[in-house]
Amino acid sequence: MQLHENTQDGYFAKKVEIFSYDYLKCCSSLLAVEDPERFFVKKFILSFISSSQLLEDFLDYHGAKNNKNWYFYRELSAAVRHLSLACYSQTHILNRIAFYDLPVLENFVDEGKATLAFLIETILKMAPEILEEASRLGIPVPKETFGPVDFPSVATKDKFEYDIDDENKDLQKDSIVKIASEFLNIAGDLDHYSFYEPYDISEIRSIVPSRINEVEIRHFEMLVHNLQSSFDTYVIHGGYQFGNRKLKQLRGFFSVVFHLLQIIGCLLHFYERHLHDAGYKSLYKKSQEKLSSLIDPDTLLERTINYGLYFVCYFLTNGKDLAKEILNENIERSSIAVGIPVSLGFHSRPSLLVAKIVQHYGGQVELCLGSDRFDASNVLDIQWAGGKIQKENIKEAVFEGDVRALKDIKILAGVNYGEDTMGKGLPLPKELKYLR
């Protein structure tokens, strides 16, 4: 073993055997049975995740990333960890999708199974390579192996009695409004990623990692995770059988999106860090080539984008109507009377700013002129109203709806909708910084 000269070889050898034990036992067990796919239930996957992470951390502590002899063994442990994490999330989706009560495309489950099959097949291809690398390094492979009985499925025929009535929980409307609004904002931010036909591999390579990358996806993963945490803390504690169906269905939308984002994040991390651009050193390139022979980069990218990202966008888009419905059932409503933009009326700039305020909060707001009502989230509707205002020489506009948006519209009207009498833009108050 090529260790640092101050390292006691015997002590390290014993330690690396200990930290490799469960990891190598998982690998050898996959090769010892006729049907290794039966192993891939949550308990086994979690064992693989934890044992590979322990080994990876141990090797990193001793500088394996900068050692020619140990570099590839460390890379294999990282590969197992990220692929197993994706495996775990995909298994969770397939186990729980029936409980989410969602409008599921017919091919979603099939595509999920295909993704899981790719991940399992890849891990199975890696297992003998891991054992061979351990043998080269002189690390003993455990003689004992696991059997399928060691890793039962989580599912049984039994269910606990539902004896906690979650319908009586005090649902805080402000929390529901906040969560529904944030769902709509996240869906809006991801709109520009939406696509309707599968990308071919050349198109995928043109957007990964330049437009779609781990940092971007992890950002959305964090936002959706925070959304789910807020929901579980402040809205519903209970299960899925009883209670407000709309609220639980909304949770289903962002739950499946969260787990899909976890899968995408794991696969993009692995692709960007280990397969995409390994660097200028020949050692890195050799490692990349070895990993690419075990893990098909094109299939990994195709599953990441055409399955993962596609269905993230699908579920966010299809959840919008439900989120708006829940939002408008729970918002506090009021009305305000404000002045018309001086000199130029509701032309493009003031109409756009008003619409952006309403879109930011997501609740319904209408611009009311006598018996006529215009959608204040729609720029063209506001401009139509502007024509009526100019024609009838109306001096005051009434907005009705979501009090949060009305508060900001009043602030905007107080600075003549962000422009002077000649139509030149003016700085907006700090309360409206999200419009800049």
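Structure: above.
Engineer: Explanation requested: the overall build of the protein chain in the structure shown.
Structural biologist: In terms of regular secondary structure, the protein chain is built from 13 helices and 4 strands. Its C-alpha atoms give the protein chain a radius of gyration of 28 Å, more than 25% over the compact-globule value 22 Å for 436 residues. Along the first, second and third principal axes, the C-alpha atoms of the protein chain reach 90 × 60 × 40 Å. Here the protein chain holds 436 residues, and 47% of them are scored as buried. Of the contacts made within the protein chain by residues no fewer than 6 positions apart, 80% connect residues no fewer than 24 positions apart. Put simply, the protein chain shows about 22,200 Å² of open surface, and 50% of that area lies on carbon and sulfur atoms.

Engineer: Before we go on, may I ask you to explain the sheet that holds strand β4 (residues 396-402) in this structure?
Structural biologist: Sheet strands pair via backbone hydrogen bonds, and the direction of the pair is either parallel or antiparallel. An order of β1-β4-β2-β3 is seen for the 4 strands of this open sheet, with the pairing classed as antiparallel. The sheet is open, and its two edges are formed by β1 (333-339) and β3 (372-375), each paired on a single side. If you compare each strand with its neighbour and ignore which way they point, the axes differ by 30° on average. Where β1 lies against β4, 7 bridges are found, and the strand directions are antiparallel. Each bridged residue has a counterpart across the sheet, and for glycine 339 the counterpart in β4 is glutamate 396. Packing against the sheet, helix α12 (residues 379-392) makes contact with β2 (365-369) and β3, and its axis sits at approximately 145° to β3.

Engineer: Honestly, unusual backbone geometry in this entry has me stumped. Any pointers?
Structural biologist: Glycine aside, residues mostly have negative phi angles, and peptide bonds mostly take the trans form. Each neighbour pair has its own omega, and for valine 208 with proline 209 the value is 5°, a cis peptide bond. Positive phi outside glycine occurs at tyrosine 417, with the angle close to 60°. Examined against the element boundaries, tyrosine 417 turns out to sit in the segment after α13 (403-414).

Engineer: Help me understand the layout of surface pockets, please; the structure alone is not making it clear to me.
Structural biologist: A probe matching the size of a water molecule, rolled over the atoms, marks out where space remains unfilled. When its volume is computed, the second largest pocket comes out at roughly 410 Å³. Lining of the second largest pocket is provided by 17 residues; of these, Lys324, Val358, Gln359, Gly362 and Ser377 occupy positions nearest its centre. Elements with a minimum of two residues in the lining of the second largest pocket: α5 (173-189), α10 (297-330), α11 (348-361) and β2. Sort the elements by how many residues they give to the lining of the second largest pocket and α5 lands first, with 4 residues.

Engineer: It is not clear to me how the state of the cysteines should be interpreted in this structure. Could you clarify?
Structural biologist: The bond known as a disulfide is covalent and runs between the sulfur atoms of two cysteines. In the structure shown here, the tally under the stated rule is 0 disulfides. Unpaired in this structure, cysteine 266 has its nearest cysteine sulfur neighbour in cysteine 87, at a distance of 10 Å. With no disulfide of its own, cysteine 313 lies 18 Å from the sulfur of cysteine 266, the closest cysteine sulfur. Cysteine 313 sits in the buried class, given a relative accessible area of 6%.

Engineer: Got a minute to help me understand helix α8 (residues 245-276) in this structure?
Structural biologist: Note that an α-helix has 3.6 residues per turn; residues three or four places apart therefore point the same way. The terminal C-alpha atoms of α8 lie 44 Å apart, and with 32 residues this matches the ideal 46 Å at 1.5 Å per residue to within 8%. Across the 32 residues of α8, 27 count as buried, placing the element largely inside the fold.

Engineer: Would you mind showing me how to read the packing of helix α7 (residues 214-234) against α8 here?
Structural biologist: Working note: a packed helix pair is described by the angle between its axes plus the distance between those axes. At a closest axis distance of 9 Å, the pairing of α7 and α8 adopts a crossing angle of 150°. On the basis of their axis angle, the class for α7 and α8 is roughly antiparallel. Seen along the crossing, α7 lies across α8 with a hand that is left-handed.

Rules used throughout
- For every chain, the first residue of the written sequence is number 1, and numbering continues from 1 along that sequence.
- Where local features are concerned, this predicted model is filtered to residues with pLDDT of at least 70; where side-chain atom pairs are given and counted, the filter is 80 or more; whole-chain, interface and lining totals use all residues.
- In computing side-chain values, all of the structure's heavy atoms are included and hydrogens and water are not.
- Strands are runs of DSSP state E lasting at least two residues, helices are runs of H or I lasting at least four, and both sets are numbered from the N terminus onward.
- When we talk radius of gyration, it's over C-alpha atoms, and the globule rule is simply 2.2 Å times the number of residues to the 0.38.
- The cut-offs for exposure are 20% and 50% of the maximum accessible area for each residue type, with area from a 1.4 Å probe on protein chains only; residues under the lower value are buried, those over the upper are exposed, and the others partly exposed.
- Contact between two residues is taken to exist if any of their heavy atoms lie within 4.5 Å; hydrogens are not considered.
- Exposure was quantified through the Shrake-Rupley algorithm and a 1.4 Å probe, taking into account, for residues, occlusion by the shown protein chains and nothing else.
- Strand pairing follows a simple DSSP-based rule, namely that at least 2 bridges must link the two strands.
- Axes here refer to lines fitted to C-alpha atoms; in helices the fit is confined to the stretch in contact. Angles between the N-to-C directions go from 0 to 180 degrees.
- Lining residues are defined by having an atom within 4 Å of a point belonging to a cavity or pocket. Those points lie on a 1 Å grid over the protein atoms alone, cavities being sets where a 1.4 Å probe fits but cannot get out and pockets being open sets with protein on both sides within 12 Å along at least five of seven lines.
- Grid points are joined across faces, edges and corners, and a volume is the space filled by probe spheres set on the points.
- Pairs of cysteine sulfur atoms within 2.5 Å are what we label disulfides.
- Here a helix's expected span is defined as the number of its residues, less one, multiplied by 1.5 Å.
- Here is the rule for angles: anything less than 35 degrees is roughly parallel, anything more than 145 is roughly antiparallel, 65 through 115 is roughly perpendicular, and the remaining ranges are oblique.
- When the near helix sits turned anticlockwise from the far one by under a right angle, the crossing is termed left-handed; a clockwise turn instead gives a right-handed crossing.

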